[in-house]
Amino acid sequence: MSARGVGKLCVLKKTVNAAVYQDVLETFLIPTVEEQFGEEDFIFQQDLAPAHAAKSTKDWFTKKQLEVLAWPANSPDLNVIENLWAIVKWKIRDRKPTTLDQLKQNIATAWEAVSAETCNKLVKSMPRRLQAVIQAKGAATKY
C-alpha cells in the first residue's frame, strides 16, 4: 500500500522465505509501483523479518534499483500497513465466515474497499505517530 491506494492483495499458502518473498515482490509490488508511481521515485518500507533482511532480498532490491527505507533492529512496529490491517479487520468484524474461502473473500472485499483517501491519511499520519513514539521513549502510544 502507498498513499495512492492499496494495490493487489496477495494471499500465501506457504511459509515466506526469501525466495517466496522476492516472488511476491516481483508479482505484486512491481505492477503496483508501475500503476501508482510510473517513473516517479518512491521509498519502500519493510521490517526486518528474515525474508526481508536476507542478502538475496537486498540484492533483489539493488538489481531492481528500488530504494528501501533503513529500518532499525528492535524498533517499534510503525509500519503503516499495520493500521491498514486494523481497518480491514474492523470492516470484517461482524462477518462469520464458515470456510477458509469465505474468510479470504471477506478480507479481499474489505481490502479492495479501502480508498486511496484512507491510505493517504494513514501515510500522512506517520510523522505524528513517529513523534509520539519518540516522546514516549519507545513505549506504547495512542496512535
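Because the structure is a prediction, the values reported are computed rather than measured.

J.: Before we move on, could you go through the nonpolar core and cite the residues and values that matter?
T.: In terms of nonpolar packing, the biggest core is built from 17 residues, with Val6, Leu78, Leu84, Val88, Trp111 and Val114 touching the most fellow members. Breaking this core down by element, the ones donating at least two residues are α4 (81-92), α5 (100-113), α6 (116-124) and α7 (126-135). Among the elements that line this core, the one with the most residues is α4, at four residues. Ignoring sequence-local partners within four residues, the contact set of Val114 consists of Val6, Leu84, Ile87, Val88, Lys91 and Cys119. Counting 12 residues, the second largest nonpolar core, distinct from the first, contains Leu25, Phe42, Ala51 and Trp60.

J.: Please give an account of the environment of Lys64 that cites residues and values.
T.: Secondary-structure assignment places Lys64 in helix α3 (residues 55-64). Using a relative accessible area of 31% as the deciding quantity, one classes Lys64 as partly exposed. As for Lys64 and Val16, which are separated by 48 residues in sequence, their C-alpha atoms are 20 Å apart.

Cut-offs used in this document
- Residues numbered from 1 in each chain as written.
- Predicted model: local features only at pLDDT ≥ 70, side-chain atom pairs only at ≥ 80, totals over all residues.
- Heavy atoms only, no water.
- Core = buried A, V, L, I, M, F, W, Y, C linked by side-chain atoms within 4.5 Å.
- Buried < 20%, exposed > 50% of the residue type's maximum accessible area, 1.4 Å probe, protein only.
- Helix = DSSP H or I, 4+ residues; strand = E, 2+ residues; numbered from the N terminus.
- Contact = heavy atoms within 4.5 Å.

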